Amino acid sequence: MSEALLTATNLGVKRGDRWLIKDVNMALQMGQITTVIGPNGAGKSTLVRSLLKLINTTTGSINSIKGLRIGYMPQKLKLQETLPLSVARFLDLGRHKQHPLSPNLWHDLLHECRVEKLLAQPMQQLSGGETQRVLLLRALLRKPHLLVLDEPVQGVDVTGQVALYDLIGQVRDILGCGILMVSHDLHLVMAATDEVICLNQHICCSGHPEQVSQDPAFTDLFGPQSGGNLALYNHQHNHHHTSHGDIIDGQHHEDCDHG
Amino acid sequence: MADFLLWAWLGGLMIAAIAGPLGCFMVWRRMAYFGDTLAHAALLGVALGLLLHVNVSLAVVLVCLLLALLLSTLMHQRMIATDTLLGILSHASLSLGLVSLSLFDHQAIDLMSFLFGDLLAIGQADLLWVAVACALVLVILVTIWKPLLAITVNEELAQVEGVNVALTRTLLMLLVAVVIAVAMKVVGVLLITSLLIIPAAAARRLSNSPEQMALLASLLGMLAVSGGLALSWFYDTPAGPSIVVIASSLFFLLFSLPRPFRSV
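**As for the overall build of chain B**
Across its full length, chain B carries 12 helices and zero strands. For chain B, the sequential pattern of α-helices and β-strands runs α-α-α-α-α-α-α-α-α-α-α-α. A compact globule built from 264 residues should have a C-alpha radius of gyration of about 18 Å, and chain B, at 18 Å, falls within 12% of that. Along the three orthogonal principal directions, the C-alpha set of chain B runs to about 55 × 45 × 30 Å. If you sum the accessible surface of chain B, you get close to 12000 Å²; carbon and sulfur atoms cover 72% of it. A distance of 17 Å separates the average location of the 10 positive side-chain charges in chain B from that of its 12 negative side-chain charges.

Structure, rendered in structure tokens:
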């Protein structure tokens, strides 16, 4: 496999006495969709924000290829009603001077994201799904090597979610970029991803979606109905958790008390 | 028209012109109370300037800037809520300024002119300084307009996209500090925020883009200055408060316009 776009080694973030994330190792590849899943408070946003260097990490290091361009889609966009801002103007703010989109690519992406008809509208009047598509398009304007999407389907209804995951897949094909996605929703995201990282302060398990969904650590986190064939799958885990997600040394037992 | 009235009018117009766009950013970024705190601290700057025999405007800019930096550091701690913190520092600095000024010879200082402004006392030399300050603010504002707008929309997004958020934010505070130092002459420390906020808020209803709102805020501010001065001239009312009264009237007038006249 070619050189990773971004590699995180031993990443840890401590706030007060609490580790928000700990011992995280991961690598993001070109053309690959990686999804971080985990329950609320598992440190998903902390992980993304430290990879983006928006917050300082306590331990570990992040290495990226030279000149890495990241397109970022934040979880929420809180816009003041007092700011008169059209969609077109909002998108303009995200354009990259050195790496402008070719007119063709711009029209393709505009069309794929179905934003053509929204350009003149004020940002504040968009629906949840429309806002997400505009945010995605803005992240794409920089022709990113790596696209980082924090809960991209938030506030979007189920049909819209499917469409949005489809769109994300198409974007990967058009731009050939690597994608890091955060989600707490399981089923839809599993189908749309190449690699899943299951996070609860540390990485509980990771790998291909089918593999991960059968991992006991995964069902511990999300409940038995989430995994496929748990009963048939026998797996020895090397640790288990307290309700705070701390690792307790020792042998795994069936009713592992994940948070 | 008397010369001093012309100077006052020109000075007021220039200050209103830069207060427009800057006031927009204060409205967009919800900095009204923050601006108020800085404006109150300006009085402390006046006292320090007189005490240390340095240029009063310069002392005001420095005190405001220091307080702004102190505030942005303190806002990151979680012990005290931001509005409480602003409330404490705002009135602490105002009181400290009033107490320090009371230590001077009373004849030498016209406290009312600091509190409510004394636009009609602007001379030709002052006007030059106002022009220089306004030009400086305008140049910086135009230069950092796009990054400033980007961090106003979303700071994290802007940072990932390569905007130097801390620098841009600090420059905005510097601009606010400079405007406070010059606007103090027009409306005084107690009313400065109104000169920044009211025209911007009034312009919102008529604007479809940030630039349009900034420009309209400038024009409405200039209209308020002209109307206020006229009111002051013909009815002998205090100039600063008269300007604020006209600005507020414009705001309520525009706010109550029926739908078809408004944009989004």
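**Considerations on the pattern of salt bridges**
Pairing is possible between side chains of opposite charge, provided their charged atoms come close. Taken as a whole and assessed by the stated rule, the structure comprises eight salt bridges over all chains. With a closest N to O distance of 2.1 Å, Arg49 of chain A and Glu156 of chain B form a salt bridge. Taken together, the residues Arg49 of chain A in helix H1 (residues 44–51) and Glu156 of chain B in helix H8 (residues 155–160) connect one chain to another. In this structure, the salt-bridge partner of Arg169 of chain B is Glu155 of chain B, at a minimum N-O distance of 2.8 Å. Of this pair, Arg169 of chain B sits in helix H9 (residues 165–187) while Glu155 of chain B is found in helix H8, placing the two residues 14 residues apart along the sequence. Residue Glu155 of chain B is classed as partly exposed on the basis of its relative accessible area, which comes to 26%.

**Comments concerning the interface of chain A and chain B**
One widely used convention gives an interface's size as the accessible area the parts lose upon coming together. The interface is formed by 27 residues belonging to chain A together with 21 residues belonging to chain B. Taking both partners together, chain A and chain B bury about 2200 Å²; carbon and sulfur atoms supply 59% of that area. Run the count over chain A and chain B and you get three salt bridges. With a shortest N-O distance of 2.5 Å, Glu211 of chain B and Arg89 of chain A are connected by a salt bridge. Inspection of the region where chain A meets chain B yields eight residue pairs in polar contact (both at pLDDT 80 or more). Counting residues per element, the ones that place at least two in the side of chain A that touches chain B are strand S5 (70–73) and helix H2 (87–92) of chain A. Among the elements that take part in the side of chain A that touches chain B, H2 of chain A stands out by supplying three residues, more than any other.

**Concerning the sheet that holds strand S2 (residues 18–28) of chain A**
The strands making up a sheet associate through hydrogen bonds between their backbones, and the pairing can be parallel or antiparallel. Residues and elements named next belong to chain A. Read from one edge of the open sheet, three strands run S2-S1-S4, paired in antiparallel fashion. At either margin of the open sheet sits one strand with a lone partner, and together these are S2 and strand S4 (59–64). Between one strand axis and the next, the sheet turns through 20° on average, direction left out of account. Direction of pairing for strand S1 (residues 6–15) relative to S2: antiparallel, over a ladder of seven bridges. Among the inter-strand pairings, Thr7 is bridged to a residue of S2, identified as Ala27.

**Describing the environment of Ser72 of chain B**
All names here are of chain B. Tracing the backbone through its elements, the reader meets Ser72 in helix H3 (residues 56–74). Taking relative accessible area as the criterion, Ser72 reaches 17% and is therefore assigned buried. With 39 residues separating them along the chain, Ser72 and Leu111 place their C-alpha atoms 29 Å apart.

**Here's the deal with the packing of aromatic side chains**
If you walk through the whole model with that rule in mind, you get five aromatic pairs over all chains. Relative to Trp28 of chain B, the ring of Phe25 of chain B lies with its centre 5.0 Å away and its plane at 80°, an arrangement referred to as edge-to-face. Residue Phe25 of chain B and its partner Trp28 of chain B are located together in helix H1 (residues 3–28), separated by three residues, close to a single helical turn. Over the ring of Phe90 of chain A we find Arg138 of chain A; its NZ or CZ atom is 4.6 Å from the centre of that ring. Lying over the aromatic face of Phe255 of chain B, Arg205 of chain B brings its terminal NZ or CZ to 4.3 Å of the ring centre.

**Thoughts on the sheet that holds strand S7 (residues 178–183) of chain A**
Residue and element names in this part refer to chain A. With mixed pairing, six strands are arranged side by side in an open sheet as S5-S6-S7-S3-S8-S9. Among the strands making up the open sheet, the edge pair consists of S5 and strand S9 (202–207). Geometrically, the sheet is characterised by an average inter-axis angle of 15° between neighbouring strands, direction not taken into account. Across five bridges, the pairing between strand S6 (residues 146–150) and S7 is parallel. Each residue of the ladder has a partner; that of Leu149, found in S7, is Met181. The strands touched by H1 are strand S3 (33–37), S5, S6, S7 and strand S8 (195–200); relative to S7, the strand with the most contacts, the crossing angle is about 150°. Together, S3, S6 and S7 form the strand contacts of helix H5 (residues 158–175), whose direction differs from that of S7 by roughly 160°.

**Observations concerning the side chain of Arg29 of chain B**
All names here are of chain B. Summarising the element assignment, Arg29 is placed in the loop between H1 and helix H2 (32–52). Accessibility expressed as a relative area gives 19% for Arg29, which makes it buried. Those residues in contact with Arg29 that lie beyond four places of it in its chain are Ile151, Thr152, Glu155, Arg169 and Leu172.

**Some details on the packing of H1 of chain B against helix H11 (residues 210–235) of chain B**
Residue and element names in this part refer to chain B. Look at H1 against H11: their axes get within 7 Å of each other, and the N-to-C directions meet at 145°. Once H1 is placed against H11, the crossing between them reads as right-handed. Contacts between H1 and H11 involve Phe4, Leu5, Ala8, Trp9, Gly12, Leu13, Ala16, Ala17, Gly20, Pro21, Cys24 and Trp28 from the first element and Pro210, Met213, Ala214, Ala217, Ser218, Gly221, Met222, Val225, Ser226, Leu229 and Trp233 from the second. Here the contact of H1 with H11 is built from residues that sort into 18 nonpolar, five polar and no charged.

What counts, and at which threshold
Residues numbered from 1 in each chain as written. Chains lettered and ligands numbered in written order. Predicted model: local features only at pLDDT ≥ 70, side-chain atom pairs only at ≥ 80, totals over all residues. Heavy atoms only, no water. Helix = DSSP H or I, 4+ residues; strand = E, 2+ residues; numbered from the N terminus. Rg over C-alpha atoms; globule rule 2.2 N^0.38 Å. Areas by Shrake-Rupley, 256 points an atom, 1.4 Å probe, with all protein chains shown as cover. Lys, Arg positive; Asp, Glu negative; His and termini not counted. Charge placed at Lys NZ, Arg CZ, Asp CG, Glu CD. Salt bridge = Lys/Arg side-chain N within 4 Å of Asp/Glu carboxyl O. Buried < 20%, exposed > 50% of the residue type's maximum accessible area, 1.4 Å probe, protein only. Contact = heavy atoms within 4.5 Å. Buried area = accessible area lost by both parts, 1.4 Å probe. Polar contact = N/O pair within 3.5 Å; in protein donor to acceptor, adjacent residues only side chain to side chain. Pairing = 2+ DSSP bridges. Axes fitted to C-alpha atoms, helices over the stretch in contact; angles between N-to-C directions. Phe/Tyr/Trp six-rings, centres within 6.5 Å; stacked < 30°, edge-to-face > 60°. Lys NZ or Arg CZ within 6 Å of the ring centre and 35° of its normal. Left-handed = near helix turned anticlockwise from the far one by under 90°. Nonpolar A, V, L, I, M, F, W, Y, C, P; charged D, E, K, R; others polar.

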